[in-house]
Amino acid sequence: MVILLLVWEAIGASGLVDPLFISSPTGVARAAWQLSQRRDFWTDLQVSATEFMLGYGAALAVAIPLGLALGLSKRLQYLIGPFVDTLNAVPRVTLLPLIIIWCGIGIWSKVVVVFLGAVIPILINAQSGVKASEARFIRVARSFSASRFKIFSSIILPGVVPFIFTGAKYGAGRALLGVVVGELYASTAGLGHLIADAGNTFQTDVVFVGALLFMAAGLIVVALLDVFEQRFERWRPSPR
Amino acid sequence: MPAAVRAYLAHERVILGTLMVLLLLIAWEGLERGWWADALRPLLGDSAQRLRLKPIFISSPTLIAAAAFRMFFVTGEIWRDLAWSSAGYLLGLVLAVAIGIPLGLAGGWYRRLSYAVQPFLAALNATPQVAFLPLIIIWVGTGLSERVLIIFLLAVLPLAINAHAAVRTTDPRLIKVAGSFGASEWQLFRTIILPSSVPFLLAGLRLAIGRGMIGVVVGEIYGSAAGLGAMINQAGARFQTDRVFVGVLTIVAAGVILVEVVQRIERRVEIWRTPA
Amino acid sequence: MIAKLEAQDVRLDYLQPRSNSQLRALAGIDLKVMDGEFVSIVGPSGCGKTTFLSVVDGLIPASAGRILVDGRVVTKPGPDRAVVFQDASLLPWRTVLGNVRYGLECLKVGAREAKERATHFINLVGLSGFEDHYPYELSGGMQQRVNLARALVVDPKILLMDEPFASLDAQTREVMQEELLQIWLKAKKTVLFVTHQIDEAIYLSDRVIVFSGRPGRVKQSIPVTIERPRRLAVKREAHFHGIEDAIWSLIEEDVRAERNQVTLT
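S.K.: Account for the overall build of chain C, naming residues and giving values.
M.R.: A count of helices and strands for chain C gives seven helices and ten strands. For a compact globule of 265 residues, the expected C-alpha radius of gyration is about 18 Å, and chain C comes in at 19 Å, within 12% of that figure. When its C-alpha atoms are laid out on the principal axes, chain C stretches across 50 × 45 × 40 Å.

Right, here's the structure in full:
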């Protein structure tokens, strides 16, 4: 890792390659500092964060209950399943042109594409989590004459939690992808907009800053979910 | 149980699924043609007109079917886009397989290499790789190589990560067995690691196929001369909603076919696996 | 005297989905267990003894015949019967206390009383101090104790035990058998115990019921007249071996017959 950074810096400083092309770590750091002084940078960040949180939050709010319901009811699955499968087969970003026709180029088109990106993996995971509930635990509950609600809350739900987290982590990646693509595609603000602008004006270092910010966002979201998950998973033997 | 009920229960899945899809299609068609607006007018008065939507807004199943027929069989224009996009897609995918799988396998096999490569894989995996698109454009401009590169970048990670995981999760008992027979490192790799990796690799390939599809659309955002993505984008900009749908559905169909092919192969390869 | 538990001509047929044919699992089981009696069922694998236990508990409805508890027909699980499951089947996301309390929660017993009763039975099975441990932190033997406590805590009249010691190593199993007898003497329960280990059945029981191979039916009922309390050493006495031989010869032909069939499970 360190070696790579050094080599990168060396190439950038040696002038062998036009800095326009690859910039350099110090160049990127300088650009980051300059950006952080700019008001509109923080606006961009705020716009992207809003899009992400609204879309991802809505995806969680819809996908978890719906996924559970789909796992519990075979009929419901028969009814809704074809739509979920179809949406799952579409790379959701291909729907962007349509979404922009429907919602315009403001933040709502991004919120929708973020939502669509994240909702499917979370939903499918929650559903398969219910399907994977262990029959032997359900037998224990039934043997104690547990009510249907008790079976759901004490057997099925705890078993689904890890599945939901897996889906949520995967969904977070899809959601970030939605933010980037949505903003690259058509937008008036946001980090993706910033990257696209910088690309058009050959500010390589700024593009790098933007890409790194997205990387950081991805890592942070997954790390947060990991921490949150551990609070639920005290009963699991820690891996080694 | 009466025979009719039994027949229904036996095919409930198909019946209910088809019913819902048909309902949706009819509802959709009705929105565009104003069926619902007309039907609800006595009830809702003029506000029922809101249920009459313009074709540029949602199009309709029949309009889309008509557009698809025209584009495929009358003007045949879509074939050129399809060929153009497929070229970039296949090149990107092949490149991703050629680099991602060996890299992942090697990373799983040589611990040192794994230490070196792992951080990059993890970081890159957490990033929406599309964020690098403007960089790629600065490097190679727009065109075939740009599209190949973005498709490669999207598809390579699931392949490399799965290949890495495949080697890492090889059953240690099998490795012990091979070791006790005095297998050389190469023999061990060829007879134990590789066969047990195949399911992982195919699963990675399935993911990569889907990821690559994103590249087709995204890679053609910036004024590509032709291609499905470009076609969708232009149609979107001109509010030709039916053409957008045709493009999206074509991509979906291509994706479904490719994934189906991989699944066929998976089933063929995995006959030795105990059914789950 | 009315039997604590009675099975009257219990039959069970499965519909095999793949071949769409009926498979007979139980062919008319008649059985009586008296109050406080410890009865074991042994038989070749696949004879339906575990299935029979599920029918008695009410988890699987019988195709024909009846199950009576205290002379009343039962068709679904109830607090008068509790199962000690084969693989301990402890809920991995609950602590020992949480697992033992589970049945009481299902019966809507108040939290404080539930905790008291659970703690009492955790002590009884010798696990005090482990209340807040998770199942993965326990050995197989300890998990089975929790399993036993979980069944005892709802104060059932009848304990249904489904090969509870099958997955334990031989030494642990012996110790658990002895402890089970001590707990049984204290708790005064009627027990129906399924096992494939003949010596285990004899050592524990007042009566051993031998099932035939599939479809399961009662082949013979053999009383065990060894005096209680029994020490583990009784297993090495000639009298004990005599009963063991008698039972084995009853099962042997069914096992050999079974061996020649390809069974898919």
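S.K.: Break down the overall build of chain A for me, citing the residues and quoting the values.
M.R.: A count of helices and strands for chain A gives eleven helices and zero strands. Counting every position in chain A, which comprises 240 residues, the buried fraction comes to 47%.

S.K.: Could you give an account of the interface of chain B and chain A, naming the residues involved and the relevant values?
M.R.: Often, the extent of an interface is quoted as the loss of accessible area upon association of its parts. In this assembly, 39 residues from chain B lie in contact with 38 residues from chain A. Those elements that provide at least two residues to the side of chain B that touches chain A are α2 (12-33), α7 (111-126), α8 (133-140), α11 (185-219), α12 (228-237) and α13 (241-269) of chain B. At seven residues, the largest contribution of residues to the side of chain B that touches chain A is made by α13 of chain B.

S.K.: Pulling in residues and values, what's your account of the interface of chain A and chain C?
M.R.: Facing the 14 residues of chain A at the interface are 18 residues of chain C. For the side of chain A that touches chain C, the secondary structure elements donating two or more residues are α8 (135-143) and α9 (148-185) of chain A. Top contributing element to the side of chain A that touches chain C by residue count: α8 of chain A, with seven residues. Tallied by class, the residues present in the side of chain A that touches chain C amount to eight nonpolar, two polar and four charged.

S.K.: Please set out the packing of helix α6 (residues 96-103) of chain A against α12 of chain B residue by residue, giving values where relevant.
M.R.: Their axes nearest at 9 Å, the elements α6 of chain A and α12 of chain B cross at an angle of 10°. Relative to α12 of chain B, the element α6 of chain A is oriented roughly parallel. Across the interface between the two elements, P97, L98, I100 and I101 of chain A from α6 of chain A touch I232, N233, A235 and G236 of chain B from α12 of chain B. Of the residues in the contact of α6 of chain A with α12 of chain B, the class split is six nonpolar, two polar and no charged.

S.K.: Let's hear about unusual backbone geometry: which residues, and what values?
M.R.: Across the junction of R228 of chain C and P229 of chain C, the peptide omega takes the value -5°, indicating a cis bond. Looking at the secondary structure, you find P229 of chain C in the loop between β10 (218-223) and α7 (238-259). Phi at S145 of chain A takes a positive value of approximately 55°, unusual for a residue other than glycine. For S145 of chain A, the location among the structural elements is in the loop between α8 and α9. For S145 of chain A, a count of 17 C-beta atoms within 10 Å translates into the label partly exposed. A positive phi angle is found at K108 of chain C, which is not glycine, with a value near 60°. Mapped onto the elements of the fold, K108 of chain C is located in the loop between α2 (96-106) and α3 (111-124).

S.K.: Describe the sheet that holds β10 of chain C, naming the residues involved and giving the relevant values.
M.R.: Residue and element names in this part refer to chain C. An order of β6-β7-β8-β3-β9-β10 is seen for the six strands of this open sheet, with the pairing classed as mixed. Where the open sheet ends on each side, the last strands, each with one partner, are β6 (81-84) and β10. Strand after strand, the sheet turns through a mean of 20° between neighbouring axes, direction not considered. Pairing between strand β3 (residues 38-42) and strand β8 (residues 190-194): four bridges, direction parallel. Paired with S40 across the two strands is F193, which belongs to β8.

S.K.: Explain α7 of chain B residue by residue, including any values.
M.R.: Given 3.6 residues to a turn, an α-helix orients residues that are three or four positions apart in the same direction. For α7 of chain B, spanning 16 residues, the distance from its first C-alpha to its last is 22 Å, which sits close to the expected 22 Å at 1.5 Å a residue. For α7 of chain B, the principal kink sits at V117 of chain B and spans about 40°; a proline, P119 of chain B, occurs within the next four residues.

S.K.: Which residues make up the sheet that holds strand β5 (residues 72-74) of chain C, and what values do they have?
M.R.: Residue and element names in this part refer to chain C. Strand order across the open sheet formed by four strands is β2-β1-β4-β5, with antiparallel pairing between neighbours. Unpaired on one side and paired on the other, β2 (21-33) and β5 mark the two borders of the sheet. Averaged over all pairs of adjacent strands, the angle between strand axes in this sheet comes to 35°, irrespective of strand direction.

S.K.: Mind laying out the packing of α8 of chain B against helix α9 (residues 144-168) of chain B, listing which residues take part and the relevant values?
M.R.: Residues and elements named next belong to chain B. One way to put it is that α8 packs onto α9 with a least axis distance of 9 Å and a crossing angle of 145°. Taken as a pair, α8 and α9 cross one another with a handedness that is right-handed. On the side of α8, the interface is formed by L133, I136, I137 and V140, while α9 contributes S145, E146, L149 and I150. Its residues placed into classes, the contact of α8 with α9 shows six nonpolar, one polar and one charged.

S.K.: Talk me through the nonpolar core; I want residue IDs and the actual numbers.
M.R.: Ranked by size, the top nonpolar core spans 195 residues in total, and within it I122 of chain A together with L192 of chain C carry the most contacts. Each residue touching I122 of chain A, except ones within four places of it in the same chain, is listed here: A59, L60, A63, I64, G67, I164, G167, A168 and G171 of chain A.

S.K.: Let's hear about the pairing of strand β9 (residues 207-211) of chain C: which residues, and what values?
M.R.: For a regular strand, the rule is simple: side chains alternate between the two faces of the sheet. All names here are of chain C. Of all five residues making up β9, four are buried, and the element is well covered by its neighbours. Note that β3 and β9 share four bridges and pair parallel. Bridged to V42 within β9 is V210. Two elements, β9 and β10, share five bridges in a ladder whose sense is antiparallel. Its bridge partner being in β10, V210 is matched across the sheet by Q220.

S.K.: Could you give me a rundown of the environment of V181 of chain A, with the residues and numbers involved?
M.R.: Here V181 of chain A lies in helix α9. For V181 of chain A and L116 of chain A, which are 65 residues apart along the polypeptide, the C-alpha to C-alpha distance reads 13 Å. Not counting chain neighbours up to four residues away, the residues in contact with V181 of chain A comprise V93 and L96 of chain A together with V130 and V218 of chain B.

S.K.: Which residues make up the environment of R6 of chain B, and what values go with them?
M.R.: Along the chain, R6 of chain B falls in helix α1 (residues 3-10). For R6 of chain B and I136 of chain B, which are 130 residues apart along the polypeptide, the C-alpha to C-alpha distance reads 59 Å.

S.K.: Can you tell me about the environment of A233 of chain C, naming the residues and giving the values?
M.R.: Residue and element names in this part refer to chain C. The residue A233 is located in the loop between β10 and α7 in this model. Note on A233: 8 C-beta atoms within 10 Å, which makes it exposed. Residues A233 and M1, 232 residues apart in the sequence, show an inter-C-alpha distance of 34 Å.

S.K.: Hey, could you go over the pairing of β8 of chain C for me, with residue numbers and the actual values?
M.R.: All names here are of chain C. Of all five residues in β8, five are buried; the element is thus mostly enclosed. A two-sided burial pattern is seen for β8, the buried positions comprising T190, L192 and V194 on one face and V191 and F193 on the other. Between strand β7 (residues 158-162) and its parallel partner β8, the chain crosses via helix α5 (residues 170-187), and the hand of that crossover is right-handed.

S.K.: Account for the confidence of the model for chain C, naming residues and giving values.
M.R.: Residues of chain C with pLDDT of at least 70 account for 96%, and the chain-wide mean is 86. With pTM at 0.83, the complex prediction returns an ipTM value of 0.82.

S.K.: Describe α2 of chain C, with residues and values.
M.R.: In terms of burial, α2 of chain C is a largely internal element, nine of the eleven residues being buried. Of the residues making up α2 of chain C, those classed as buried are V96, L97, N99, V100, R101, Y102, G103, L104 and C106 of chain C. Those residues of α2 of chain C hidden inside the fold are in contact with α8 and α9 of chain A together with β6, α3 and α4 (140-152) of chain C. Remark: K108 of chain C follows α2 of chain C within two positions and exhibits a positive phi of approximately 60°.

Conventions and cut-offs
- Residues numbered from 1 in each chain as written.
- Chains lettered and ligands numbered in written order.
- Predicted model: local features only at pLDDT ≥ 70, side-chain atom pairs only at ≥ 80, totals over all residues.
- Helix = DSSP H or I, 4+ residues; strand = E, 2+ residues; numbered from the N terminus.
- Rg over C-alpha atoms; globule rule 2.2 N^0.38 Å.
- Buried ≥ 20, exposed ≤ 12 C-beta atoms within 10 Å, placed from the backbone.
- Contact = placed C-beta atoms within 7 Å.
- Nonpolar A, V, L, I, M, F, W, Y, C, P; charged D, E, K, R; others polar.
- Axes fitted to C-alpha atoms, helices over the stretch in contact; angles between N-to-C directions.
- Parallel < 35°, antiparallel > 145°, perpendicular 65-115°, else oblique.
- Pairing = 2+ DSSP bridges.
- Expected span 1.5 Å × (residues − 1).
- Bend = angle between axes of the 7 residues up to and from the residue.
- Left-handed = near helix turned anticlockwise from the far one by under 90°.
- Core = buried A, V, L, I, M, F, W, Y, C linked by C-beta atoms within 7 Å.
- Right-handed = clockwise from strand over helix to strand, strands pointing away.
- pLDDT = per-residue confidence, 0-100.

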